[in-house]
Amino acid sequence: MAEIIITKDEDAAGEIYAKCVADLIENKPDAVLGLATGSSPLAAYRHLAAQVKVRKLDVSQVRGFALDEYAGLDPAHPQSYRSTITRTVVEPLGLDPAKVHVPNGNLETIKDAGHEYDAAIEAAGGVDVQILGIGTDGHIGFNEPGSSLASGTRIKTLAEQTRIDNARFFDGDVNQVPTHCITQGIGTIMKARHLVLLAFGEGKAEAVRETCEGGISAFCPASALQLHPHATIIVDEAAASKLAHKDYYRYAYAHKPAWQQI
Ligand code: GLP
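What comes next concerns the included structure. Keep in mind that what you see is a predicted model, and the values were worked out from it rather than measured.

### Regarding the overall build of the chain
- Tallying secondary structure elements over the chain gives 9 helices and 10 strands in all.
- In summary, the chain has a C-alpha radius of gyration of 17 Å against a globular reference of 18 Å for 262 residues, a match within 12%.
- C-alpha atoms of the chain, sized along the principal axes, occupy 55 × 40 × 35 Å.
- Partitioning the intrachain contacts of the chain with sequence separation of at least 6 by distance along the chain shows that 78% fall at a separation of at least 24.
- Split by element, the accessible area of the chain, about 11600 Å² in all, is 54% carbon and sulfur.

### Side note on the nonpolar core
- Residues Tyr17 and Leu197 are the most contacted members of the largest nonpolar core, which totals 67 residues.
- A total of 9 residues in this core trace back to one element, the largest contributor, which is helix α1 (residues 10-27).

### Let's talk about the pairing of strand β9 (residues 194-199)
- Most of β9 is tucked away, with 6 of its 6 residues classed as buried.
- Bridge count between β9 and strand β10 (residues 231-236): 5 bridges; the pairing is parallel. Across the sheet, residue Leu195 finds its bridge partner in β10, namely Ala231.

### Notes on the side chain of Ser40
- Tracing the chain through its elements places Ser40 in the loop between β2 (32-35) and α2 (42-54).
- A relative accessible area of 9% places Ser40 in the buried class.
- Setting aside its immediate chain neighbours within four residues, Ser40 contacts Glu10, Gly133, Leu198, Phe200 and Lys204.

### Topic: the site of the ligand
- In the region of the ligand, 13 residues are neighbours, and Ser39, Ser40, Asp68, His139 and Lys204 sit closest.
- Take His139: an N or O atom from its side chain is 2.8 Å from an oxygen atom of the ligand.
- Here an oxygen atom of the ligand sits 3.1 Å away from a polar atom, N or O, in the side chain of Arg168.
- Considering only residue class, the shell around the ligand consists of 3 nonpolar, 7 polar and 3 charged.

### Focus: the packing of aromatic side chains
- Counted under the stated rule, the structure contains 6 aromatic pairs.
- Aromatic pair Tyr70 and Phe142: ring centres 5.6 Å apart, planes at 50°, arrangement tilted. Taken together, the residues span a long stretch of sequence, with Tyr70 in strand β4 (residues 68-70) and Phe142 in the loop between β6 (129-132) and β7 (154-157) at a distance of 72 residues.
- Residue Tyr70 is classed as buried on the basis of its relative accessible area of 1%.

### Details of the pattern of salt bridges
- Per the stated rule, a full pass over the model turns up 14 salt bridges.
- We note a salt bridge from Arg250 to Glu237, for which the minimum N-O separation is 2.7 Å. Highlighted residues: Arg250 in helix α9 (residues 246-254) and Glu237 in helix α8 (residues 237-240), separated in sequence by 13 residues.
- One salt bridge in this structure joins Asp247 and Arg250, with 3.8 Å as the shortest N-O distance. Of this pair, Asp247 and Arg250 both sit in helix α9, 3 residues apart, which is roughly one turn of that helix.
- Residues participating in the shared-partner salt-bridge network are Lys19, Asp23, Glu26 and Arg55.

Procedures and definitions
Residues numbered from 1 in each chain as written. Predicted model: local features only at pLDDT ≥ 70, side-chain atom pairs only at ≥ 80, totals over all residues. Heavy atoms only, no water. Helix = DSSP H or I, 4+ residues; strand = E, 2+ residues; numbered from the N terminus. Rg over C-alpha atoms; globule rule 2.2 N^0.38 Å. Contact = heavy atoms within 4.5 Å. Areas by Shrake-Rupley, 256 points an atom, 1.4 Å probe, with all protein chains shown as cover. Core = buried A, V, L, I, M, F, W, Y, C linked by side-chain atoms within 4.5 Å. Buried < 20%, exposed > 50% of the residue type's maximum accessible area, 1.4 Å probe, protein only. Pairing = 2+ DSSP bridges. Near = heavy atom within 4 Å. Polar contact = N/O pair within 3.5 Å; in protein donor to acceptor, adjacent residues only side chain to side chain. Nonpolar A, V, L, I, M, F, W, Y, C, P; charged D, E, K, R; others polar. Phe/Tyr/Trp six-rings, centres within 6.5 Å; stacked < 30°, edge-to-face > 60°. Salt bridge = Lys/Arg side-chain N within 4 Å of Asp/Glu carboxyl O.

If you want it as structure tokens, here you go:
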């Protein structure tokens, strides 16, 4: 089972992620970071950027792989995940843009793009720390309910709920949200050495409950984390509100040996 940490808010969660990744970069300057879009990781990226500055970390060799991208959307579009990762991660952290990869959503080459992406991750030595958000339906990356838990990077059809959830980034117009995407598979994500999933707010409470305390099922793709040897799930009180074993998670975290990292 994953370690579950219940924090005050997104900032507290972001600090935990930032410390973990800053320590990693200090020890491994060419660390491979798994990157996610969405609002959940934003505070974590902000805190990591602050740590990079304060600790004067050299990030010139750090590499990154994003989880997913819309299919058929110009990478220069402000809501493409390429643009989003540039804005929220590459620029604030000062990463070398040439070392940060985003799946290629070009419809003409998408058939092979998934295999190529997985091969590139492997060639880089695999992802050290993969940050994850979670969809209200339990998706990670863009692996919608029903996705194979062993899947590699590939094209997927977005669920209607996901398009509705993401319409806020497209002037509130669901018709502007692409119908397809390319996403790291659950099998790809599971190969990362450490997974850190962040979830905040009441809207995520049911997905968090299913992820942590439900059965392992393709119908809650994030539940695959129960099989990962090193997964950390950091939530706020609202997202934790439906967990039956909250007290145990709090107790375990409070008694964690001081020398032990997340
Ligand atoms: C999108 C992304 C996911 C993200 C999810 C939740 O579907 N593909 O990677 O986890 O949104 O987004 P948010 O963190 O904004 O709630």
